[in-house]
Amino acid sequence: METSSKPPALLWRRHKCLVATFITVAVLGSSSVYIFFRMNNDCIMCPTFLVKYVQPSLAKAVNSPESVERPLLKGMWTIHPDGRLGNQMGQYATLYALAKQNGYQAYMLPEMKNYLAPLFKVSMPLLNNDKIWATPWTQYDLHDWMSEEYNHIQRDHIKLKGFPCSWTFFHHIRDEILKEFTFHDSYKIRAISYLQDITKGKKNVTFVGVHVRRGDYVNVMPQHWRGVIGDKAYFEKAMDYFRKKYRNVVFVVTSNGMDWCRQNLDNSRGDLFFIGDGNESSPGRDLSILVHCNHTIMSIGTFGFWASYLTGGEAIYLTNFTLQESNFLKIFKYDAAFLPEWHGIAADLSPLL
C-alpha cells in the first residue's frame, strides 16, 4: 500500500484550515438540520442549507449548447406570456432551452398553461399566483435570435420577455422540444382521421400542409413594415415544387383568410382541401392537422414556423419579403428564422415600389 512521503504533522498544518471532520448530525425541532464540524480546536454548528458541494467539472461556465449541462441552481425562471399560439410556443421553447442552458428550473405562468396545456403534453411545472407575486423578478428582454450572452445569465429570479421564435435558441435540444409539443391523443386521432377521409383510401399519398397567413398582416406588413405576405404566385410556385417531386400529392390548406384562399388558389386539379373556417380563437385543430402532414408550405408568422418545425419534412417559406430599408429587419433575421435546409422563395416586392 502506497503512503504519502509527507509527515502527518506537515499534512495537518497544510490542510488544517480546509479539512473538516464530521462529528454528528442533529435534528433540532421539526425542520432544522445542523451539521457539527471540528476545525482547529473549535466546534462549529452549521445549518445544512449552507453546506453545498459543487462538482468542479460542472461548475464551469457553459459556453455552448454542446457543453455539459449545469446542475440546477436555486431560483426560478419564467417568461411573460404574450400573443397567440405560435408566439407562446416560441416563448415556451426559448424559456425551456435558456433555463436549461444556464442551470435553472423553468416554470410557466398560468396564462401560458391555459394556452398550451389543452393541446400539448407540456411538462414544465406551473407557478401559482402566490409565488408569482412574492418573487422579486428581474425582467430580461430578448431579441428574436440566440446570442452568446444568453448562455451566461446568472440571476436567480428571471422573467424573460419578448417574442422569440427562432430555432437558434432550442434546435440543439430538438428532440426535447418535439416531446414537449406532442399533441394529446384526441388531437392526433382527429387529425389522422381527417387525412384518411379526404384521401378516400388512396395509398402512398404525400400530404403537404399549407398555412396562409392573412388577417392583420394584410395591412400591417405593407403599411408598417414595408413588406408583403404570400401572394397567389408564391403559393403556386411552392405547390408546383411538390407536384413535380412527388406523386399523389394532396395539399391541406389552413388560413385565417379562407375566403381569399378559395378564390385565389387554383384547385382545378382537385388536389387542394380547405379545412376549417379560419377561426383564430381555436387554432389547435388546424395545427394538429398540418403537423400530421409530410411536408409544409408556409407564408410568414410563428404559426407557420411551428407547423414546419414539428412536421419535420421539407418546408418552403417566403423569403426577402420586405424592402431593404424596412425597420422589420432590425428585429428579424432570415437565417435565424428559417432552418438552413428549408427552401425559400423570394417574395414579389413590386406592389411596394
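Above: the structure in question.
Residues numbered from 1 in each chain as written. Predicted model: local features only at pLDDT ≥ 70, side-chain atom pairs only at ≥ 80, totals over all residues. Heavy atoms only, no water.

Structural notes on the pairing of strand 4 (residues 76-79)
Here is step 1 of the chain: Burial of the side chains of strand 4 extends over both faces: Met76 and Thr78 are buried on one face and Trp77 and Ile79 on the other.
Here is step 2 of the chain: In this structure, strand 4 lies alongside strand 6 (residues 157-161), joined through 4 bridges in parallel fashion. Looking at strand 6, one finds that Trp77 is bridged to Ile158. (Buried < 20%, exposed > 50% of the residue type's maximum accessible area, 1.4 Å probe, protein only. Helix = DSSP H or I, 4+ residues; strand = E, 2+ residues; numbered from the N terminus. Pairing = 2+ DSSP bridges.)

Observations regarding the packing of aromatic side chains
The geometry of an aromatic ring pair is captured by two quantities: the separation of the ring centres and the angle between the planes.
Here is step 1 of the chain: Tallied over the full model, the rule gives 26 aromatic pairs.
Here is step 2 of the chain: Ring centres of Tyr92 and Phe181 lie 5.6 Å apart, and the angle between their planes is 50 degrees; on these two criteria the pair is classed as tilted. With Tyr92 in helix 3 (residues 85-102) and Phe181 in the loop between helix 7 (174-180) and helix 8 (185-199), this residue pair connects regions lying 89 residues apart in the sequence.
Here is step 3 of the chain: Tyr92 sits in the buried class, given a relative accessible area of 0%.
Here is step 4 of the chain: A residue is classified by how much of its surface remains accessible, and Phe181, at 3% relative accessible area, is buried.
Here is step 5 of the chain: Where Phe242 meets Tyr246, the ring centres are 6.2 Å apart and the plane angle is 20 degrees; that geometry is what we call stacked.
Here is step 6 of the chain: With a relative accessible area of 0%, Phe242 lands in the buried category.
Here is step 7 of the chain: What makes Tyr246 partly exposed here is its relative accessible area of 23%.
Here is step 8 of the chain: Taken together, Tyr92, Phe120, Phe170, Phe181, Phe183, Tyr187, Phe305, Trp306, Tyr309 and Trp342 form an aromatic cluster joined through their ring pairs.
Here is step 9 of the chain: Above the plane of the ring of Tyr309 lies Arg174, whose end atom (NZ or CZ) is 4.4 Å from the centre. (Phe/Tyr/Trp six-rings, centres within 6.5 Å; stacked < 30°, edge-to-face > 60°. Lys NZ or Arg CZ within 6 Å of the ring centre and 35° of its normal.)

Structural notes on the pattern of salt bridges
Here is step 1 of the chain: Applying the stated rule across the entire model yields 9 salt bridges.
Here is step 2 of the chain: Of the charged contacts, one joins Lys100 and Glu176 as a salt bridge, the two residues approaching to 3.6 Å between their closest N and O atoms. Within this pair, whereas Lys100 is found in helix 3, its partner Glu176 is found in helix 7, the two being separated by 76 residues in sequence.
Here is step 3 of the chain: Taken together, the shared-partner salt bridges connect Asp240, Arg243 and Asp271 into one network. (Salt bridge = Lys/Arg side-chain N within 4 Å of Asp/Glu carboxyl O.)

Focus on the side chain of His211
Here is step 1 of the chain: Looking at the element boundaries, His211 is found in strand 7 (residues 206-212).
Here is step 2 of the chain: Apart from residues no more than four positions distant in its own chain, His211 is found in contact with Phe235, Thr254, Leu290, Ile297, Met298, Ser299, Phe303 and Gly304. (Contact = heavy atoms within 4.5 Å.)

Regarding the side chain of Ser166
Here is step 1 of the chain: Along the chain, Ser166 turns up in the loop between strand 6 and helix 6 (167-170).
Here is step 2 of the chain: Here Thr168 takes part through its side chain, which lies 2.6 Å from a polar atom of the side chain of Ser166.
Here is step 3 of the chain: A polar side-chain atom of Ser166 sits 2.6 Å from the main-chain carbonyl oxygen of Ala336.
Here is step 4 of the chain: Leaving out residues up to four positions away in the same chain, Ser166 has contacts with Asp144, Trp145 and Ala336. (Polar contact = N/O pair within 3.5 Å; in protein donor to acceptor, adjacent residues only side chain to side chain.)

Brief notes about the environment of Ala99
Here is step 1 of the chain: You can see Ala99 is positioned in helix 3.
Here is step 2 of the chain: Along the sequence, Ala99 and Met76 sit 23 residues apart, while their C-alpha atoms lie 8.7 Å from each other.
Here is step 3 of the chain: Residues within four places of Ala99 in sequence aside, it is in contact with Trp77, Tyr104, Gln105 and Ala106.

Description of the packing of helix 12 (residues 284-291) against helix 13 (residues 302-311)
Helix-helix packing: each pair is described by the crossing angle between the helix axes and the interaxial distance.
Here is step 1 of the chain: Where helix 12 contacts helix 13, the axes come no closer than 8 Å and their chain directions differ by 40 degrees. Seen from above, helix 12 lies across helix 13 with right-handed handedness. Residue-level contacts link Asp286, Leu287, Leu290 and Val291 of helix 12 to Phe303, Trp306, Ala307, Leu310 and Thr311 of helix 13.
Here is step 2 of the chain: When grouped by side-chain class, the residues that make up the contact of helix 12 with helix 13 number 7 nonpolar, 1 polar and 1 charged. (Axes fitted to C-alpha atoms, helices over the stretch in contact; angles between N-to-C directions. Left-handed = near helix turned anticlockwise from the far one by under 90°. Nonpolar A, V, L, I, M, F, W, Y, C, P; charged D, E, K, R; others polar.)

Focus: the layout of surface pockets
Here is step 1 of the chain: There is about 1000 Å³ of room inside the largest pocket.
Here is step 2 of the chain: Forming the walls of the largest pocket are 39 residues, and the residues nearest its centre are Asn87, Arg213, Tyr217, Gly301 and Thr302.
Here is step 3 of the chain: For the lining of the largest pocket, the elements supplying multiple residues, two or more each, are helix 3, helix 9 (217-224), strand 8 (249-255) and helix 13.
Here is step 4 of the chain: The residue makeup of the lining of the largest pocket, split by class, is 19 nonpolar, 13 polar and 7 charged. (1 Å grid on protein atoms, 1.4 Å probe; cavity = no way out; pocket = protein on both sides within 12 Å on 5 of 7 lines; lining within 4 Å. Points joined across faces, edges and corners; volume = space filled by probe spheres on them.)

Quick notes on the sheet that holds strand 6
Here is step 1 of the chain: Sheet architecture is open: 3 strands sit in the order 4-6-5, paired in parallel fashion. The two strands at the open ends of the sheet, each matched to only one other strand, are strand 4 and strand 5 (138-141). Looking at each pair of strands side by side, their axes are set apart by 25 degrees on average, direction ignored.
Here is step 2 of the chain: Pairing geometry for strand 5 and strand 6, over 4 bridges, is parallel.

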